[in-house]
Amino acid sequence: MTTTTKKSSTGASGDGPAPMQRTLLTGSLPRYFAPALLAGVAIVTGGLLFALGTFSIPLFAVFTVVTYTVLVTLASARIESGRKAKDRLVTAVVYTCFGLAMVPLISLLWTVARMGVVRLDGYFLTVSMNGVTPTMDAGGVYHAIVGTIAITGFAALVSIPIGLMTAIYLVEYGRGRLKNAITFFVDVMTGIPSIVAGLFVVALWMVFFGPGTTNGAAGAVALSVLMIPVVVRSCEEMIRLVPNELREASYALGVPKWLTVVKVVLPTAIAGITTGIMLAIARVIGETAPLILTAGSSAVAINWNLFDGQMMSLPVFIYSQVRMGDAINYERAWAAALTLILIVMLLFFVARLVSRFFAPKFGR
Amino acid sequence: MTTTDSSATPQTPKGKRRIGDVVFANTASGSGILILAILAGVAAFLIIQSVDSLGANTANFFTTTGWDANTREAPAFGVAALAFGTVLAAAIALLIATPIAVGIALFIAYYAPRKLASVLGYIVDLLAAIPSVVYGLWGIGYLVHQLTPFYQWLSTSFGWIPLFAGPVSSTGRTMMSAGIVLAVMILPIITAISRDVFLQVPQAHREAALSLGATRWEMIRMAVLPFGRAGIIGGAMLGLGRALGETMAVAMILSPALVISPHLLQSGNQTIAAHIALQYPEATGYGVSALIAAGLVLFAITLVVNMGARYIVARRKEFTE
């Protein structure tokens, strides 16, 4: 009933030639129409742009998508109905949205790979910038890799126990107002800007160690402020997935609660917890802003000591090279960016593999 | 109802508290309380360290645009221009990202083939895994050069709108470029939240719409969007929170100036986060303390936005359960 009134009101915009008899089968475009039209439009636009001599991929994509969307909507409005035309229009828009999101991802990965390989080699990965003047054709990122490993490792060492224990509290022990408060503020804490975490440590260190103290440990504490909430969220979700029957079976055998958590709940959820922790590490390993404030941005030598002196890290290395601004600096920055992306991707993929292959098997 | 339940279940014999249980339970709740303490500590230490410079400030902190803080005598600084720039950059990012993110979420939830959906979601998550400094490098080393011709065209065609007024910056290091990169960076979070809410729409609602003869779009408009509106708003606000606090992309791309200017295609404006990152290494006198005061303002803004977002998302969750 409603459909017929709608059809007559919106169908007017299609201004069909004559009121035709509608059955279920009249007025529907064949299934192959949309892909065929898209291919046709792509070939025509591509040819036209080539003929005009202004071919470029963005122009080609924009013209093809716009022309296709207009044509498919018009065709559908003419042959099918106004409602179906709208549906096809939205379908085209939704597909375009997804395509649009792929553009920066592919462009970024491709650019970094293309520019990064110029300088990324064994030499670049194994020497520091010690004694290298900014414009000299030498130097590498070894000191930055050392710093990244030390700072991120220390941050993980601080965050994982706190985060995991909080997750255990939230699932196994928490109740009432304290639990709600912690859940809410952990969520809020995920939204703390990374630079504010850096400033917090600056303020903290000012009180305890005097102004201007920069060292790797300060950077690690700043990163833990950002990492703890992420660890809590992912561990909490994973521990919650452990079936209650397992806990009850353990209690029934007289096992104390804390041993149940340690020996039954955590081993069952260990794959998910590992994945969550690796993703959290992948997230903070690329943090730059807090490290500029806390670990310094001018270290050039290899420094393994978290408690003494400035410490370079890969993200800060990229930033400080860009700030110098010469061609050689950009080459170093791109190569360091490629290194960083490779590390992050590696963490990301290993995390996925862990969650896929070591997930607990509940079935028999 | 729940309280009576939980008080009735633990019928363990009293007086047999195991030492391990006590220690473990207290460590767990201690960690939780520690998190609350850290959050309170962030606010407390920022306030303590900013009081110093705010007391010495000779200008109004909230209405001054200049930043003359690297001195011991009569510093005069304010966050007016910085706050404006922060909101402006985040607003551009949000305007670009929200519609696209909702489109992507709809695509993954209802348009893409079922088997592909999880893979596609994973690809979008990859966007979130890329470090912000790499986005900054990509923006300054590649994207701005691609965007400059587009800005020229935008300015000649729509220059009568003040936002797009010329002369266009020849380097492309403008608020618009920063906003576009920020939009890319907040896409994944808005997409993830919207997608989750879209997938929660009861199947009965969707099937009811389809069985009445609705097209796919009508089903989405009548069943999915009304149900998912809170999720979209909450996701957008979380994205806003992230855009407000993002440092590196803006610090590397924007050519800053402490002015309040609506011209997106010219260089100028600056955000709080980027200002802190750029100024900190050279800060002397009251400089560091003043930057901490600016950070406190940023912290307050993002806290309000994030709490609002969480509240909206959480309320929707309670409603569906």
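The rules behind each value
Residues numbered from 1 in each chain as written. Chains lettered and ligands numbered in written order. Predicted model: local features only at pLDDT ≥ 70, side-chain atom pairs only at ≥ 80, totals over all residues. Heavy atoms only, no water. Helix = DSSP H or I, 4+ residues; strand = E, 2+ residues; numbered from the N terminus. Buried < 20%, exposed > 50% of the residue type's maximum accessible area, 1.4 Å probe, protein only. Contact = heavy atoms within 4.5 Å. Lys, Arg positive; Asp, Glu negative; His and termini not counted. Charge placed at Lys NZ, Arg CZ, Asp CG, Glu CD. Rg over C-alpha atoms; globule rule 2.2 N^0.38 Å. Areas by Shrake-Rupley, 256 points an atom, 1.4 Å probe, with all protein chains shown as cover. Salt bridge = Lys/Arg side-chain N within 4 Å of Asp/Glu carboxyl O. Domains from an automatic or database assignment. Buried area = accessible area lost by both parts, 1.4 Å probe. Polar contact = N/O pair within 3.5 Å; in protein donor to acceptor, adjacent residues only side chain to side chain. Core = buried A, V, L, I, M, F, W, Y, C linked by side-chain atoms within 4.5 Å. Axes fitted to C-alpha atoms, helices over the stretch in contact; angles between N-to-C directions. Parallel < 35°, antiparallel > 145°, perpendicular 65-115°, else oblique. Nonpolar A, V, L, I, M, F, W, Y, C, P; charged D, E, K, R; others polar. Phe/Tyr/Trp six-rings, centres within 6.5 Å; stacked < 30°, edge-to-face > 60°. Lys NZ or Arg CZ within 6 Å of the ring centre and 35° of its normal. 1 Å grid on protein atoms, 1.4 Å probe; cavity = no way out; pocket = protein on both sides within 12 Å on 5 of 7 lines; lining within 4 Å. Points joined across faces, edges and corners; volume = space filled by probe spheres on them. pLDDT = per-residue confidence, 0-100. Patch = residues over 30% accessible without salt bridge, like charges linked within 9 Å, V, L, I, M, F, W, Y side chains within 5 Å.

Quick word on the overall build of chain B
Piece 1. A tally of helices and strands in chain B yields 11 helices and 2 strands.
Piece 2. The linear arrangement of helices and strands in chain B, starting from the amino end, is α-α-β-β-α-α-α-α-α-α-α-α-α.
Piece 3. Within chain B, the proportion of its 321 residues that are buried is 56%.
Piece 4. Counting only contacts in chain B whose residues sit at least 6 apart along the sequence, the fraction spanning at least 24 positions is 72%.
Piece 5. Here chain B carries 18 positive and 13 negative side-chain charges, and the mean point of each set is 11 Å from the other.

Concerning the overall build of chain A
Piece 1. From N to C terminus, chain A includes 14 helices and 0 strands.
Piece 2. Reading chain A from its N end, one meets helices and strands in the order α-α-α-α-α-α-α-α-α-α-α-α-α-α.
Piece 3. Here chain A has a C-alpha radius of gyration of 29 Å; the compact-globule value for 364 residues is 21 Å, and the former is much larger.
Piece 4. With the C-alpha coordinates of chain A rotated into their principal frame, the extents come out at 85 × 70 × 40 Å.
Piece 5. By sequence separation, contacts in chain A at least 24 residues apart represent 72% of the contacts at least 6 residues apart.
Piece 6. Element-wise, carbon and sulfur atoms account for 69% of the exposed surface of chain A, whose accessible area totals about 17600 Å².

Regarding the pattern of salt bridges
Residue and element names in this part refer to chain A.
Piece 1. Per the stated rule, a full pass over the model turns up 7 salt bridges over all chains.
Piece 2. A salt bridge links R119 to E331; its shortest N-O distance comes to 3.2 Å. Taken as a pair, R119 in the loop between helix 4 (82-116) and helix 5 (122-126) and E331 in helix 14 (residues 327-357) lie far apart in primary sequence, 212 residues in all.
Piece 3. Of the charged contacts in the structure, one is a salt bridge between R233 and D187, with a shortest N-O distance of 3.0 Å.

Observations concerning the environment of V316 of chain A
All names here are of chain A.
Piece 1. Note that V316 resides in helix 13 (residues 314-324).
Piece 2. Judged by its relative accessible area of 0%, V316 falls in the buried class.
Piece 3. Between the alpha carbons of V316 and T64 there is a distance of 41 Å; along the sequence they are 252 residues apart.
Piece 4. The residues contacting V316, other than those within four sequence positions of it, are T288, L291, I292, G296 and S297.

A few points about the domain arrangement of chain A
Residue and element names in this part refer to chain A.
Piece 1. Taken domain by domain, chain A consists of domain 1 (30-116) and domain 2 (126-357).
Piece 2. A straight line from the C-alpha centre of domain 1 to that of domain 2 covers 41 Å.
Piece 3. Between domain 1 and domain 2 the total buried area reaches about 550 Å² when both faces are included, carbon and sulfur atoms providing 88% of it.
Piece 4. Of all residues in domain 1, the largest losses of buried area upon contact with domain 2 belong to V112, M115 and G116, amounting jointly to 70% of the total for that side.
Piece 5. The interface formed by domain 1 and domain 2 includes 0 salt bridges.
Piece 6. Summed over the shared surface of domain 1 and domain 2, the result is 0 residue pairs in polar contact (both at pLDDT 80 or more).

With respect to the environment of P161 of chain A
Residue and element names in this part refer to chain A.
Piece 1. With respect to the element layout, P161 can be found in helix 6 (residues 142-173).
Piece 2. With relative accessibility at 44%, the residue P161 sits in the partly exposed group.
Piece 3. As for P161 and L59, which are separated by 102 residues in sequence, their C-alpha atoms are 52 Å apart.

Let's talk about the nonpolar core
Piece 1. Ranked by size, the top nonpolar core spans 209 residues in total, and within it I168 and I195 of chain A together with W67, I104, V134, Y135 and F198 of chain B carry the most contacts.
Piece 2. Looking at this core, you find at least three residues from each of domain 1 (30-116) and domain 2 (126-357) of chain A.
Piece 3. Counting 6 residues, the second largest nonpolar core, distinct from the first, contains L37, Y68, V72 and A92 of chain A.

With respect to the interface of chain B and chain A
Piece 1. In this complex, chain B contributes 79 residues to the contact, which on the side of chain A involves 84 residues.
Piece 2. Both sides of the chain B and chain A interface together cover about 7400 Å² of buried area, and 79% of this is carbon and sulfur.
Piece 3. Ranking the residues of chain B by area buried against chain A places F24, I35 and L137 of chain B at the top, with a combined share of 9%.
Piece 4. The interface formed by chain B and chain A holds 1 salt bridge in total.
Piece 5. A salt bridge links R83 of chain A to E218 of chain B; the nearest nitrogen and oxygen atoms lie 2.7 Å apart.

With respect to the packing of helix 11 (residues 257-284) of chain A against helix 14 of chain A
Residue and element names in this part refer to chain A.
Piece 1. Where helix 11 contacts helix 14, the two axes come as close as 8 Å, and the packing angle between them is 170°. Judged on the interaxial angle alone, helix 14 and helix 11 are roughly antiparallel. The segment helix 11 lies against helix 14, with A271, T274, T275, M278, L279, I281 and A282 engaging V344, L347, F348, V350, A351, R352, V354 and S355.
Piece 2. Class assignment of the residues belonging to the contact of helix 11 with helix 14 gives a composition of 11 nonpolar, 3 polar and 1 charged.

Things to note about the side chain of R119 of chain A
Piece 1. The class of R119 of chain A is buried, set by a relative accessible area of 12%.
Piece 2. What R119 of chain A contacts, discounting residues up to four positions off in sequence, is F124, D137, A138, I328, E331, R332 and A335 of chain A.

As for the packing of aromatic side chains
The way to describe two aromatic rings as a pair is by their centre distance and the angle between their planes.
Piece 1. Per the counting criterion, the structure on display carries 17 aromatic pairs over all chains.
Piece 2. With 4.9 Å between their ring centres and 80° between their planes, Y95 of chain A and F107 of chain B make a pair best called edge-to-face. Here Y95 of chain A, found in helix 4, pairs with F107 of chain B, found in helix 3 (residues 80-111), and the two come from separate chains.
Piece 3. Y95 of chain A gets classed as partly exposed once you look at its relative accessible area, which sits at 41%.
Piece 4. When the centroid spacing of 6.4 Å and the interplanar angle of 40° are considered together, the rings of W258 of chain A and F24 of chain B count as tilted. Here the residue W258 of chain A occupies a position in helix 11, and F24 of chain B occupies one in helix 2 (residues 19-56), the pair thus bridging two chains.
Piece 5. We note K257 of chain A situated over the ring of Y173 of chain A; from NZ or CZ to the ring centre the distance is 4.6 Å.
Piece 6. One Lys or Arg, R352 of chain A, reaches over the ring of F348 of chain A and ends 5.5 Å from the middle of that ring.

Observations regarding unusual backbone geometry
Piece 1. Non-glycine residue A74 of chain B carries a positive phi angle of around 45°.
Piece 2. You can call A74 of chain B exposed: its relative accessible area is 52%.

Description of empty space enclosed by the protein
Piece 1. Under the definition given, this model contains 1 cavity of 30 Å³ or more.
Piece 2. Taken as a whole, the largest cavity encloses approximately 70 Å³ of empty space.
Piece 3. In terms of lining, the largest cavity is formed by V201, V202, W205, M206, G210, P211, G212, T213, A218, L293 and T294 of chain A together with Y280 of chain B.
Piece 4. Where the lining of the largest cavity is concerned, the elements lending two or more residues are helix 8 (194-209) and helix 12 (289-294) of chain A.
Piece 5. Looking at the lining of the largest cavity element by element, the count peaks at 4 residues for helix 8 of chain A.

Looking at the confidence of the model for chain A
Residue and element names in this part refer to chain A.
Piece 1. This prediction gives chain A a mean pLDDT of 86; 91% of its residues lie at or above 70.
Piece 2. Summarising per-element confidence for chain A, the mean pLDDT is lowest in helix 1 (residues 2-11) (41) and highest in helix 6 (95).
Piece 3. Throughout residues 1-20 the model reports pLDDT below 50, and contacts reaching past four residues in sequence, or to other chains, amount to 11 contacts.

Concerning a nonpolar patch on the surface
Piece 1. There is a patch of nonpolar side chains on the surface, built from V62, V66, V70 and L74 of chain A and spanning about 360 Å² of accessible area.
Piece 2. Residue classification places V70 of chain A among the partly exposed positions, given a relative accessible area of 45%.

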